[in-house]
Amino acid sequence: MTPSESAADEAHPSVVAVIVAYNRKELLLEALAAVKAQTLAPAAVVVIDNHSDDDSAETARTYWPEIDVVRLARNTGGAGGFATGIAVAIARHEPDWVWVMDDDTIPTPTALAELLRAADRPGVVLAGSRVVWTDGQDHPMNTPRRKPFAGRQEVEEATELGVVPVRSSSFVSMLVSSERVREAGLPIADYFIWNDDFEFSTRMLRHGRGLSVPSSVVVHKTKARADTDVDPGARFFFEVRNKIWLMVFSHGLNPIEKLVYIGATLLRWGRTIRRSHQRGFLLTQLRRGLIAGFGSRPRLNADALSDLGAVTEAVVRVEAPARRGT
């Protein structure tokens, strides 16, 4: 079944799947095959090739000619990839929902159907899958944060449905409302990598309900079943800078939540450095991140992604309502 053929089923909201790819064409093919095998197929599929060196874009086009493949003129990082992918999905295909994932995310056949089943509730703007590693155990890299002050009725309804109210979610299989994206904006491209999904999902959920859906399962095929704080190396710079940007400039968290997350972040950074085999290097990245975080701020997506032609136009068009509201 092609994506367009599945759109004929008007019993379900329309969904566009977005896969962000970079130099992993074999995993990309596996992810595409898994999306193609969904019991409830998306209306369209968008692949964002983040300027790969391994002909990922052409491989995707050859495997599935009907999908929408966009090769970016430069590597915009995971954050830019998801920002452009969601923008293209909404601007070109006008779906009710966008389903996003990395190219190493392999959804099980009912993953999308289970997300839609759970999300079909008033006020729900986001739903995330249960993310496991190749051994079937929950992946520590993609653990959603439970909603700390969910009301009794919300918790009871969620329990009855077999889901969990959450305050944040991961880009490794996230279903997000297109309407909510237009209201609150796309992921922030300048984050490049790390914390972009946390910032985006908390912003989506500042005025909306989010769910973790254990019955929707995807396999995250990372090299190891490890969290992001296990010797992050040079990427620790992005962790530090982006966390500061998030706490200072993002509207995703309220002031009390920010205080709680600042404390948790400081403890996490200390644990990361203490456990590392390259403490001196991480301390250097910490210092660089602190300077960049307090000395700069993320640009608007229209500026950060200004050189991508038609993709830039899609970004500007999708974010226009959110920018008018600021």
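Everything that follows concerns the structure shown earlier in this document.
Colleague: What am I meant to see in the pattern of salt bridges here?
Modeller: When the charged atoms of two side chains with opposite charge come close together, those side chains can pair. In this structure the tally under the stated criterion is 20 salt bridges. Asp138 serves as the salt-bridge partner of Arg130, at 2.6 Å between the closest nitrogen and oxygen. Judged by its relative accessible area of 42%, Asp138 is partly exposed. Note that Asp190 is salt-bridged to Arg299, the shortest N-O span being 2.9 Å. Of this pair, Asp190 sits in the loop between helix H7 (178-184) and helix H8 (196-204) while Arg299 sits in the loop between helix H11 (279-295) and helix H12 (301-304), and the two are 109 residues apart along the sequence. One network of salt bridges, in which partners are shared, links Arg121, Lys147, Glu154, Glu157 and Arg209.

Colleague: What's the story with empty space enclosed by the protein in this structure? I'm lost.
Modeller: Over the atoms rolls a probe the size of a water molecule, and its path tells where empty space is left. In total, this model carries two cavities of 30 Å³ or more according to the counting rule given. Within this model, the largest cavity holds a volume of roughly 60 Å³. Taken together, Gly128, Ser129, Val131, Asn142, Pro144, Val166, Ser169, Ser170, Val172, Ser173, Leu211 and Ser212 form the lining of the largest cavity. Elements with a minimum of two residues in the lining of the largest cavity: strand S6 (124-132) and strand S9 (209-220). Looking at the lining of the largest cavity element by element, the count peaks at three residues for S6. Here the lining of the largest cavity is composed, by residue class, of five nonpolar, seven polar and no charged.

Colleague: For this particular structure, what's the right way to read a nonpolar patch on the surface?
Modeller: Where nonpolar side chains cluster on the molecular surface, the patch consists of Val248, Leu290 and Phe294 and spans about 300 Å² of accessible area. Looking at where Val248 falls in the secondary structure, it is placed in helix H9 (residues 236-249). For Val248, a relative accessible area of 47% puts it in the partly exposed group.

Colleague: What exactly am I supposed to notice about H11 here?
Modeller: Helical periodicity: at 3.6 residues per turn, an α-helix aligns residues three or four positions apart in one direction. Here H11 spans 24 Å end to end across 17 residues, near enough to the 24 Å set by a 1.5 Å rise per residue. Regarding H11, the residues found buried are Leu282, Gln285, Leu286, Gly289, Ala292 and Gly293. Along the long axis of H11, the arc covered by the buried residues comes to 140°, so they all point the same way. Facing away from the buried surface of H11 by more than 90 degrees, the exposed residues are Ile291, Phe294 and Gly295. Against H9 and helix H10 (255-275) lie the buried residues of H11.

Colleague: What is the right way to look at the nonpolar core in this model?
Modeller: Buried together is how nonpolar side chains tend to be arranged in soluble globular proteins. Grouped together as the largest cluster of nonpolar side chains are 41 residues, with contacts concentrated most on Leu32, Val47, Trp99 and Leu175. With sequence-adjacent residues up to four places away left out, Leu32 is seen in contact with Ile19, Val45, Val47, Ala60, Tyr63, Trp64 and Ile67. One finds Ile48, Ile90, Val166 and Phe171 within the second-largest nonpolar core, a separate group that totals 38 residues.

Colleague: Just to check I follow, could you spell out the side chain of Arg203 for this structure?
Modeller: Take Arg203: it is sitting in helix H8. A distance of 2.7 Å separates a polar atom in the side chain of Arg203 from the backbone oxygen of Ala184. Separated by 3.2 Å, the side chain of Arg203 and the backbone oxygen of Gly185 make a polar contact.

About the criteria used
Residues numbered from 1 in each chain as written. Predicted model: local features only at pLDDT ≥ 70, side-chain atom pairs only at ≥ 80, totals over all residues. Heavy atoms only, no water. Salt bridge = Lys/Arg side-chain N within 4 Å of Asp/Glu carboxyl O. Buried < 20%, exposed > 50% of the residue type's maximum accessible area, 1.4 Å probe, protein only. Helix = DSSP H or I, 4+ residues; strand = E, 2+ residues; numbered from the N terminus. 1 Å grid on protein atoms, 1.4 Å probe; cavity = no way out; pocket = protein on both sides within 12 Å on 5 of 7 lines; lining within 4 Å. Points joined across faces, edges and corners; volume = space filled by probe spheres on them. Nonpolar A, V, L, I, M, F, W, Y, C, P; charged D, E, K, R; others polar. Patch = residues over 30% accessible without salt bridge, like charges linked within 9 Å, V, L, I, M, F, W, Y side chains within 5 Å. Areas by Shrake-Rupley, 256 points an atom, 1.4 Å probe, with all protein chains shown as cover. Expected span 1.5 Å × (residues − 1). Arc of directions from axis to C-beta. Contact = heavy atoms within 4.5 Å. Core = buried A, V, L, I, M, F, W, Y, C linked by side-chain atoms within 4.5 Å. Polar contact = N/O pair within 3.5 Å; in protein donor to acceptor, adjacent residues only side chain to side chain.

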